[in-house]
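Report on the structure
For reference, the chains in residue letters:
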Amino acid sequence: MRHILTFFCFSILLSSCNVLDSDLLVRVDSGWLLGSKENQVLSFKGIPFAASTGGMNRWRPPQRKLSWQGMRLAREYGDFCPQIKRDTLWFELGKTSEDCLTLNVWTPKNTSTSKLPVMVWIHGGGYLQGSGNIPRLNNPEFVKQDVVLVTINYRLNVFGFFAHPDLVQQSGDEMVGNYGLLDIISALEWVQRNIHLFNGDPNNVTVFGESAGASLISYLMISPQSEGLFHKAISQSSAVGLAPDTRIDKQVGFKISGVEIAKKFTKRMGFESGQGIDQLRQLSSRQIIDQLDPSTVFGPMIDEVLIPDHAGLLFAKGQQHDVPFLIGGNNWEASLGRQIGGGFSPKFISRLVPKKDRDTLYPGLQGEQLEDQVFGDLVILSTARHMANQMKHVDSKTYHYHFSYVASEKVDKQPGAAHSDDIAFVMKTLGIELASVTEEDEEISNLMHNYWVQFARTGDPNVPGQMNWTPYNQDNGSVLEIGDTITLRSNFMNERINYHINRGTNFLQSMEKR
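Along each chain, residues carry numbers from 1 onward, in the same order as the chain's sequence is written. Local features in this predicted model are restricted to residues whose pLDDT is 70 or higher, and side-chain atom pairs enter the listing and the counts only when it is 80 or higher, whereas totals over whole chains, interfaces and linings include all residues. Heavy atoms throughout the structure, all of them, feed into the side-chain values; hydrogens and water do not.

The numbering of helices and of strands both runs from the N terminus, where a helix is a DSSP run of H or I of at least 4 residues and a strand a run of E of at least 2. Across its full length, the protein chain holds 18 helices and 18 strands. Since a compact globule built from 514 residues should have a radius of gyration of about 24 Å, the 23 Å found for the protein chain is in line with a globular shape. If you line up the protein chain on its principal axes, its C-alpha atoms span 80 × 65 × 45 Å. We call two residues in contact when some of their heavy atoms are within 4.5 Å. In the protein chain, 74% of the contacts between residues at least 6 apart in sequence involve partners at least 24 apart. The globule rule is 2.2 Å times the number of residues to the power 0.38, and the radius of gyration it is compared with is taken over C-alpha atoms.

If you want it as structure tokens, here you go:
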């Protein structure tokens, strides 16, 4: 009887599409969705791309979402993935649950083409926090240049990157450890199956992201499981490529293995190996979060399957996916280190460089100014340059940028473009991030957005009326600086960036020989 009523009500709804607007109704592979219209843009929010990760699905690869009956309202964002509510949180954390593997789709209502480029945003947050649901990532204005935007959630922290030895023994053929990355791959598979229903082209998908999101893109670039799921990649402020990656089964340099990280956590929880991972699955996500040590970082690990080896080494061997690549960073990345502090502070990081080398490479700089410059170069900018250099092993073109523009209201408050400042410019959400937006701010936002969308459309960011952006290679060292002026620079900061690249690659290779 209930199914008959559901069908009857749904039939009435479909017959009244002229009132609702038929564009708001979409049938994806799991069932019907009802979206909403915002400023001549269609949005579909909180779409499940996988089943709940709670209970027995905790610490398993994402499972296929069962079809639902009737129609699902897609007008509200889904739950946030479980995470600690830290002081560094940059958004309002809504309801959290392990039924969080959802995505949001934004598509223009009135378009002359049924095959629009698709841009899938992968959020940052150090693998510990963040969401695809937050306001600065979701903006109707973004898609008005005939592009489809998808923002996604993935599992975080101990829920997303956990490799306890009991899991290894029980897993059978299932992959262990990198669940957050598997979630992203699952979302990209959903895009391949369904995005045509939103006027998106499944054969023209660009992944783009910032910070940890950009780092995850580096792993997608070298993962066999992601091949063919995207066709272009944009990396904003990634730290993956020169520093050693964690291995699941053995220590690399100062990084203990993923298994040891998991064992330390379960011991802290009062569980010894052999008691059964199912007992841990019976705990609530809140019970687990309450026992997390803020100093313990759960993140991606080399498992020799999903992540075959260090991303930087695989890039250097030409084993990355051959897709157009756009990569860069900001000129005050040290803002991140100043926020986190401790062993990741600019003061600590700068001391990793011998004083005589600091004096040679950074003449005239001292104090915080010196620390900040060394931090940015060592952690982010040299990594971006190294990965751009290694794209020489594939045929696709690479575009390299350096973001130094400071929003007008921040000019007297910070020494440069802080880590993550670029996001609101690309996403056209300055009005959410800033109290006041000037004409100059808007011009830079439009310029970046135009470049990014055109790159997603064609693999070449150049558009009429903007500075011609020459593809990067090691011979021309072509870097587009996006600052108060837009300047195409050659061999930009080469001496000091190459210094950090050489030290980083030598260190990485020496760690692997041990």
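Turning to the nonpolar core, a few remarks are in order. Ranked by internal contacts, the top residues of the largest apolar core, which has 91 residues, are Val-105, Val-150, Phe-162 and Phe-198. Ranked by residue count, the leading element in this core is helix α5 (residues 179–194), at 9 residues. Each residue touching Phe-198, except ones within four places of it in the same chain, is listed here: Val-26, Val-28, Leu-33, Phe-44, Ile-47, Val-105, Thr-107, Val-148 and Trp-190. Side-chain atoms within 4.5 Å are what join buried Ala, Val, Leu, Ile, Met, Phe, Trp, Tyr and Cys residues into a set we call a nonpolar core. Buried residues are those whose accessible area, probed at 1.4 Å on protein chains only, stays under 20% of the maximum for their type, while exposed residues exceed 50% and partly exposed ones sit between those limits. Core analysis: the next-biggest nonpolar cluster, separate from the first, contains 40 residues, Leu-326, Tyr-399, Met-427 and Leu-447 among them.

Moving on, we come to the side chain of Asn-133. Residue placement: Asn-133 occurs in the loop between β7 (116–122) and β8 (148–152). At 3.0 Å, the side chain of Asn-133 forms a polar contact with the backbone oxygen of Gly-78. In protein, a polar contact requires one atom able to donate a hydrogen and another able to accept it; more generally it is a pair of N or O atoms within 3.5 Å, and residues adjacent in sequence count only if both atoms are side-chain atoms. A polar contact is formed between the side chain of Asn-133 and the side chain of Asn-104, at a distance of 3.4 Å. Not counting residues up to four positions away in its chain, the partners in contact with Asn-133 are Tyr-77, Gly-78, Asp-79, Phe-80, Asn-104, Asn-138 and Asn-153.

Any pair of Phe, Tyr and Trp rings, taking the six-membered ring for Trp, is counted once the centres come within 6.5 Å. Such a pair is stacked with planes under 30 degrees apart, edge-to-face with planes over 60 apart, and tilted for the rest. As enumerated under the stated definition, the model contains 18 aromatic pairs in all. Plain terms: the ring middles of Phe-344 and Phe-375 are 5.1 Å apart, the flat faces sit at 80 degrees to each other, and that makes the pair edge-to-face. With Phe-344 in the loop between α11 (334–340) and α12 (346–350) and Phe-375 in helix α14 (residues 367–390), the pair connects residues that are 31 residues apart, well separated along the chain. An aromatic cluster is defined as three or more aromatic residues linked by ring pairs; in this entry it consists of Tyr-399, Tyr-401, Tyr-451, Trp-452, Phe-455 and Trp-469. A ring has a charge above it when a Lys NZ or an Arg CZ is no more than 6 Å from the ring centre and no more than 35 degrees off the ring normal. Positioned above the aromatic ring of Tyr-77 is the side chain of Lys-45, whose terminal nitrogen or guanidinium carbon lies 4.6 Å from the ring centre. The lysine or arginine in question, Arg-58, covers the ring of Trp-59, its NZ or CZ lying 5.6 Å from the ring centre.

This next bit is on α5. Any helix carries an expected span of 1.5 Å times its number of residues minus one. If you check α5, its first and last C-alpha atoms are 22 Å apart, about what 16 residues at 1.5 Å a residue would give, namely 22 Å. Of all 16 residues that make up α5, 13 are buried, and the element is covered over most of its length.

Pairing between two strands is assigned when DSSP locates at least 2 bridges connecting them. Spatial strand order, β1-β2-β5: 3 strands in an open sheet with mixed pairing. Strand pairing shows two members of the sheet lacking a second neighbour, β1 (25–28) and β5 (71–73), which therefore form its edges. Here the strands of the sheet are splayed against their neighbours by 35 degrees on average, with no regard to which way each runs. Here strand β2 (residues 31–34) runs beside β5; their pairing, made up of 3 bridges, is parallel. Each bridged residue has a counterpart across the sheet, and for Trp-32 the counterpart in β5 is Met-71. Helix axes are fitted to C-alpha atoms over the stretch in contact, other axes to C-alpha atoms as well, and angles between N-to-C directions run from 0 to 180 degrees.

The next subject is the pattern of salt bridges. The salt bridge criterion pairs a side-chain nitrogen of Lys or Arg with a carboxyl oxygen of Asp or Glu, the two atoms within 4 Å. Taken as a whole and judged by the stated rule, the model has 22 salt bridges. For Arg-155, the salt bridge goes to Asp-183, with nearest N and O atoms at 2.8 Å. A residue pair is termed long-range when its members are at least 10 positions apart, and Arg-155 in the loop between β8 and α3 (157–160) and Asp-183 in helix α5 qualify at 28 residues. You can call Arg-155 buried: its relative accessible area is 2%.

Throughout this description, disulfide means a covalent bond between two cysteine sulfur atoms. By disulfide we mean two sulfur atoms from cysteines, separated by a distance within 2.5 Å. Inspection of the entire model under this criterion finds 1 disulfide. Residue Cys-81 pairs covalently with Cys-100 via a disulfide, S to S 2.2 Å. Since a negative S-S torsion denotes a left-handed disulfide, the Cys-81-Cys-100 link at about 90 degrees is right-handed. Here Cys-81 is found in the loop between β5 and β6 (102–108), whereas its partner Cys-100 is found in the loop between β5 and β6, with 19 residues between them in sequence. Accessibility expressed as a relative area gives 2% for Cys-81, which makes it buried.

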